[in-house]
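Below, each chain spelled out in residue letters.
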Amino acid sequence: MIVVMKVGSPEAEINRITDELSSWGLTPEKIVGRHKVVIGLVGETADLDPLHIQEFSPWIEQVLRVEQPYKRASRQFRHGEPSDVIVNTPEGPVVFGENQPLVVVAGPCSVENEEMIIETAKRVKAAGARFLRGGAYKPRTSPYAFQGHGESALDLLAAASKASGLGIITEVMDAADLDRIAEVADVIQVGARNMQNFSLLKKVGAQPKPVLLKRGMAATIEDWLMAAEYILASGNSNVILCERGIRTFDRQYTRNTLDLSAIPVLRNLTHLPIMIDPSHGTGWSSYVPSMAKAAIAAGCDSLMIEVHPNPSKALSDGPQSLTPEAFDSLMTELSVVGKAMGRWQEPAVAVA
Ligand code: PEP
Ligand code: MN
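All figures in this text were calculated on a predicted structure; none of them were measured in a lab.

Enquirer: Looking at this structure, I do not really get unusual backbone geometry. What am I missing?
Expert: Excluding glycine, residues mostly have negative phi values, and the peptide bonds linking residues are mostly trans. We note that H79 has phi near 50°; this positive angle belongs to a residue other than glycine. Along the polypeptide, H79 turns up in the loop between β4 (60-64) and β5 (85-89). The backbone of D317 sits at a positive phi, close to 55°, despite the residue not being glycine. Here D317 shows up in the loop between β14 (302-306) and α11 (324-340).

Here is the structure:
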């Protein structure tokens, strides 16, 4: 952090400020220029509020942060190296990371019944997905909309995992359900609407299952990384970031604006793996393939795609859900881009 003093600041005032900052355990380094004095602060500044320091003296012109406010989520924290998130699934570990093959997560928005979730699981598995997604607890804008089948849907996800061998990703909305969800989920999802539910972030951070943290619909990249920091600071280092589109002014043609520039930006700022969700990102199944291919080309580590056996009958998010057939074709297209990017692993061929 750097404290810039106003032109003509009295020496005594500068000394008073450096003494105060020293008493906080920081090492102030005074740099005297031709017109201005600047005080560099060496030490643990992540939890300091620049506005608080600004209030020390009317002679302070501005206080600038040079380090990121997120520490554990920052790329520097791992000396520039990306981190791998290793997830145990019934068929062995699957690794999310910058130097790993692309991981595809697919499944319906909501778990509706046993038949549909098992059918979807088998179909997406056969096409090459490694995880089944599906909501048991659904964050719906309207309290009158389908809210998810709750605990009974968790049993169905467990059955679908058993039938397909896929890992399970499902969302927690209420910390009271966390233990029960963690029994079934291999990755626990925190949805866009809960990205800044700090007490929930602390709780998912204090349990051992990896966490998928979706970007809030009006969250800046810094807000999002600070939310990840809560999970990391609570002791869980296995966090995957998922861009799912941000609020757009054009609600007529797309549901959200999928921010693909988040991929290279996050790559610079953080070591955490990056997932893209073009289904919620666009809101329309016909736009999903273009954005999924673009996301791989932009360097994402994972994709989340909504797939439903009969999208027109889906209880939630039908318009953005692919049929299993469309998902098969998409995976063929993705393999072309994935191979070009050196990020494609052919699905293991089942031995009869
Ligand atoms: C979901 O993945 O089902 C979901 C509700 O997503 P989001 O939190 O991104 O809206
Ligand atoms: Mn959905």
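Right, picking up where we left off after that structure.
Enquirer: Got a minute to help me understand the site of ligand 1 in this structure?
Expert: Around ligand 1 sit R133, K138, P139, E171, Q189, G191, A192, R193, K214, R244, H280 and E306, and those are all the residues in its vicinity. Interatomic distance of 2.7 Å between a side-chain N/O atom of R133 and an oxygen atom of ligand 1. Within the side chain of K138, a nitrogen or oxygen atom sits 2.8 Å from an oxygen atom of ligand 1. Protein coverage of the free-state accessible area of ligand 1, which is 300 Å², stands at 97%. Class assignment of the residues belonging to the shell around ligand 1 gives a composition of 2 nonpolar, 3 polar and 7 charged.

Enquirer: Explain the coordination of the manganese ion (ligand 2) to me, please; I cannot follow it from the model alone.
Expert: Around a metal, the idealised angle for a tetrahedral arrangement of four donor atoms is 109.5 degrees; for an octahedral arrangement of six donor atoms it is 90 or 180 degrees. Coordination of the manganese ion (ligand 2) by the protein is provided by C109 (SG), H280 (NE2), E306 (OE) and D317 (OD), with metal-donor distances spanning 2.0 to 2.4 Å. Of note, the donors binding the manganese ion (ligand 2) are all from one chain and are spaced C-x170-H-x25-E-x10-D. One end of the pair, E306, is in strand β14; the other, D317, is in the loop between β14 and α11, and 11 residues separate them in sequence. Neither E306 nor D317 differs from the other in exposure class; each is buried.

Enquirer: Can you walk me through the environment of L315 in this structure?
Expert: For L315, the position within the fold is in the loop between β14 and α11. L315 sits 58 residues away from T257 along the chain, and the two C-alpha atoms are 23 Å apart. Discounting residues that sit within four places of it in the chain, L315 has contacts with E112, R140 and F146.

Enquirer: I would appreciate a short explanation of the nonpolar core in the present structure.
Expert: The nonpolar side chains of a soluble globular protein tend to be buried with one another. Counting 70 residues, the largest nonpolar core has I117, L132, L213, L241, L303, I305 and F327 as the members making the most contacts within it. At 7 residues, helix α7 (residues 221-233) tops the list of elements feeding residues into this core. Each residue touching L303, except ones within four places of it in the same chain, is listed here: L102, V103, V104, V105, M275, I276, P278, A292, A295, I296 and L334. The next biggest cluster of nonpolar side chains, apart from the first, holds 15 residues, and it includes M5, L41, L48 and V63.

Enquirer: Sorry if this is basic, but what is going on with the domain arrangement of the protein here?
Expert: When the parts come together, some accessible area is lost, and that loss is often what is quoted as the size of the interface. When cut into domains, the protein gives domain 1 (2-65) and domain 2 (85-340). Between domain 1 and domain 2, the C-alpha centre-to-centre distance is 44 Å.

Enquirer: How do you make sense of helix α8 (residues 262-269) when you look at a structure like this?
Expert: Within the span of α8, buried status applies to A262, I263, L266 and R267. The arc enclosing the buried residues of α8, seen along the axis, measures out at 135°, which places them on a common side. Turning to α8, the residues buried within the fold contact α7, β12 (239-243), β13 (274-276) and α10 (288-297).

Enquirer: Any chance you could explain the pairing of strand β10 (residues 187-190) here in plain terms?
Expert: Within a regular strand, side chains alternate between the sheet's two faces. Of the two faces of β10, the one carrying V187 and Q189 and the one carrying I188 and V190 are both buried. Examined bridge by bridge, strand β9 (residues 167-171) and β10 share 3 bridges and lie parallel to one another. Across the sheet, T170 pairs through a bridge with I188, a residue of β10. What joins β9 to β10 is helix α5 (residues 178-184), and the crossover it makes is right-handed. Where β10 meets strand β11 (residues 211-214), 3 bridges bridge the pair, whose relative direction is parallel. Note that in β11 the partner of I188 across the bridge is V211. For the crossover from β10 across helix α6 (residues 198-205) to β11, the handedness is right-handed.

Enquirer: I keep staring at the pattern of salt bridges and nothing clicks. Help me out?
Expert: Here the idea is simple: oppositely charged side chains can pair when their charged atoms come close. Under the counting rule described, the total for this entry stands at 21 salt bridges. Residue E44 is joined to K71 by a salt bridge in which the shortest nitrogen-to-oxygen separation is 3.7 Å. Taken as a pair, E44 in the loop between β3 (37-42) and α2 (50-54) and K71 in the loop between β4 and β5 lie far apart in primary sequence, 27 residues in all. Assessed through its relative accessible area of 49%, E44 is described here as partly exposed. By relative accessible area, which is 34% here, K71 ends up partly exposed. Measuring nitrogen to oxygen at the nearest pair gives 2.6 Å for the salt bridge that ties R267 to D301. Taken together, the residues span a long stretch of sequence, with R267 in helix α8 and D301 in the loop between α10 and β14 at a distance of 34 residues. The pair formed by R267 and D301 is uniform in burial state, with each residue classed as buried.

Enquirer: It is not clear to me how the sheet that holds β4 should be interpreted in this structure. Could you clarify?
Expert: The strands that make up a sheet pair up through hydrogen bonds in the backbone, lying either parallel or antiparallel. Strand order in the open sheet formed by 4 strands is β2-β3-β1-β4, and the pairing between neighbours is antiparallel. The open sheet has two edge strands with one neighbour each: β2 (27-32) and β4. Averaged over all pairs of adjacent strands, the angle between their axes in this sheet comes to 20°, without regard to strand direction. Sheet topology places strand β1 (residues 2-5) next to β4; 4 bridges connect them, and they run antiparallel. Counterpart to I2 in the pairing with β4 is L64. Contacts between helix α1 (residues 11-22) and the sheet are confined to β1, β2, β3 and β4, with β2 contributing the most and set at about 155° to the helix.

The rules we used
Residue numbers here run from 1 along each chain, matching the order of that chain's written sequence. Chains carry letters and ligands carry numbers; both start at the beginning, A for chains and 1 for ligands, and go up in the order they are written. Local features are withheld for residues below a pLDDT of 70 in this predicted model, meaning they are given only at 70 or higher, and side-chain atom pairs are given and counted only at 80 or more; totals for whole chains, interfaces and linings count all residues. In computing side-chain properties, one takes all heavy atoms of the structure into account and sets aside hydrogens as well as water. A run of H or I in DSSP counts as a helix once it spans at least four residues, and a run of E counts as a strand once it spans at least two, with each numbered from the N terminus. Nearness is judged by heavy atoms alone; a residue qualifies as near a molecule or strand once a single heavy atom is within 4 Å of it. Pairing of N or O atoms within 3.5 Å defines a polar contact, subject to two protein rules: one partner must be a possible hydrogen donor and the other a possible acceptor, and residues neighboring in sequence count only if both atoms are side-chain atoms. Accessible areas in this description were obtained via Shrake-Rupley with a 1.4 Å probe; residue shielding takes into account the shown protein chains only. Each residue gets one label: Ala, Val, Leu, Ile, Met, Phe, Trp, Tyr, Cys and Pro are nonpolar, Asp, Glu, Lys and Arg are charged, and the others, such as Gly, are polar. Atoms are scored as donors when they are N, O or S and lie within 2.8 Å of the metal, with 3.2 Å used for Na, K and Ca; no water is included, so coordination may look incomplete. A 1.4 Å probe rolled over the protein chains alone gives each residue an accessible area, and that area as a share of the maximum for its type sets the label: buried under 20%, exposed over 50%, partly exposed in between. Two residues form a contact once any of their heavy atoms are found within 4.5 Å. To qualify as a nonpolar core, a set must consist of buried Ala, Val, Leu, Ile, Met, Phe, Trp, Tyr and Cys residues joined through side-chain atoms within 4.5 Å. Residue ranges labeled as domains rest on an automatic or database domain assignment. When we speak of the arc, we mean the arc of directions from the helix axis to the C-beta atoms. Only when DSSP finds a minimum of two bridges between them are two strands counted as paired. By convention, a crossover is right-handed whenever its connection, traced from the first strand over the helix to the second and viewed with the strands pointing away, goes clockwise. Salt bridges are counted wherever a side-chain nitrogen of Lys or Arg sits within 4 Å of a carboxyl oxygen of Asp or Glu. Angles here are taken between N-to-C directions and fall from 0 to 180 degrees, while the axes themselves are lines fitted to C-alpha atoms, restricted in helices to the stretch in contact.

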